[in-house]
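Listed below are the residues making up each chain.
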Amino acid sequence: MTPKYKRVLLKLSGEALMGEQEYGISSHMINMFSRQIVELADLGIEVGVVIGGGNIFRGLSGEEQGIDRVTGDHMGMLATVINALALQNTIEKLGVQTRVQTGLEIPKVAEPFIKRKAQRHLEKGRVVIFGAGTGNPYFTTDTAAALRAMEIDADIVMKGTKVDGIFDKDPAKYADAKKYDTITYSEVIAQGLKVMDTAAISLCMDNDLPILVFDSLVDGNIKKAVFGEVIGTTVVK
Ligand code: UDP
């Protein structure tokens with residue numbers, strides 16, 4: 001079996017790391033993701049990971065607590081760094097080298113994001129985990145995933161979600177929701193489908209970067225997707 005993609009950017013949400021918990025990092029989930037990432041790396045696939053922070057803090061929820069949006073977003077970005085470090089640790093315990101690069105500079109903890117360095121790490125077989133999103137408030141880690149995917153010349157951005165792809169309506173609420181195997185960027189935007197935020201979608205659309213939306217909670221799905229099995233929904237031109 002040959003892989004369909006050589007270099008991928010995997011977006012994992014912070015919430016996926018929670019598992020059954022209400023907050024924080026579940027060791028079961030982080031190990032499940034780490035094992036799959038290590039499997040890819042061992043097969044020679046170059047893997048960049050953007051990790052969210054919703055399991056710890058989101059800028060918007062900070063507003064409800066009276067925290068200014070920009071401060072809340074800074075807190076949210078720091079939350080993604082916590083997740084990035086945890087993921088780095090679990091992956092390295094499984095024997096694969098990693099680097100964390102951050103969009104906000106925290107040089108005693110991780111490298112700053114430098115495209116050329118990131119590419120070099122990937123070429124050497126290291127998994128590169130991108131923390132602190134884009135480094136800017138008012139963005140999300142989905143946009144960071146699209147941005148980093150382009151910067152590292154990834155073949156695809158693989159967005160892990162809780163459902164198996166994109167549906168015409170919420171499958172949790174409607175039993176007759178229809179799943180798309182492929183869909184265009186314009187359809188996603190026109191129908192207001194909640195896939196990634198519009199900034200992320202437009203970035204991918206403008207630069208012709210395919211997006212795969214898939215269920216990351218199913219163990220084994222990441223490898224299946226990389227090897228071209230039809231899972232989830234692919235967003236293309
Ligand atoms: N965030 C930000 N700029 C970015 C990426 C993230 O300000 O480029 C902040 C924002 O407050 C966001 C939080 O970090 O709510 C956590 O990221 P996100 O909500 O995307 O995480 P996920 O939903 O994937 O867990």
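Bear in mind the structure is a predicted one, so any value in this text is a computation, not a measurement. (Residues numbered from 1 in each chain as written. Predicted model: local features only at pLDDT ≥ 70, side-chain atom pairs only at ≥ 80, totals over all residues.)

(A) Main features of the overall build of the protein chain. Scanning the protein chain from terminus to terminus reveals nine helices and 11 strands. Taking 2.2 N^0.38 as the reference for a compact globule, 237 residues should give roughly 18 Å; the C-alpha atoms of the protein chain span a radius of gyration of 17 Å, in line with that estimate. Considering only C-alpha atoms, the protein chain reaches an extent of 50 × 50 × 35 Å along its principal axes. Burial statistics for the protein chain: of 237 residues in total, 47% are counted as buried. Taking all contacts inside the protein chain whose residues are at least 6 apart in sequence as the whole, residues at least 24 apart take part in 70%. (Helix = DSSP H or I, 4+ residues; strand = E, 2+ residues; numbered from the N terminus. Rg over C-alpha atoms; globule rule 2.2 N^0.38 Å. Buried ≥ 20, exposed ≤ 12 C-beta atoms within 10 Å, placed from the backbone. Contact = placed C-beta atoms within 7 Å.)

(B) How the structure looks around the UniProt feature "binding site: ATP" (unreviewed entry) in the protein chain. Under the present numbering, the feature "binding site: ATP" (unreviewed entry) in UniProt falls on Lys 11, Leu 12, Ser 13, Gly 14, Gly 54, Arg 58, Thr 161, Phe 167 and Asp 170. In three dimensions, the annotated residues from a span of 160 residues occupy distinct locations, with a maximal C-alpha spread of 25.3 Å. When you line up the elements, Thr 161 lands in strand 6 (residues 156–161). Once residues lying within four places of it in the same chain are set aside, the contact partners of Thr 161 are Val 213, Asp 215 and Ser 216. Mapped onto the elements of the fold, Phe 167 is located in strand 7 (residues 166–167). (UniProt positions renumbered as here; feature names shortened; annotations may be inferred.)

(C) Spatial organisation of the UniProt feature "binding site: UMP" (unreviewed entry) in the protein chain. UniProt tags Gly 53, Asp 73, Thr 134, Gly 135, Asn 136, Pro 137, Tyr 138, Phe 139, Thr 140 and Thr 141 as "binding site: UMP" (unreviewed entry). What stands out for the annotated residues spanning 89 residues is how close their C-alpha atoms remain, the widest pair being 14.2 Å apart. Secondary-structure assignment places Thr 134 in the loop between strand 5 (127–131) and helix 6 (141–151). Residue class for Thr 134 comes out buried when judged on the 22 C-beta atoms lying within 10 Å of it. The residues touching Thr 134, leaving out its near neighbours within four places in the chain, are Gly 103, Phe 139, Thr 143, Ala 144 and Leu 147. Its location among the elements puts Asn 136 in the loop between strand 5 and helix 6. You can call Asn 136 partly exposed: it has 15 C-beta atoms within 10 Å.

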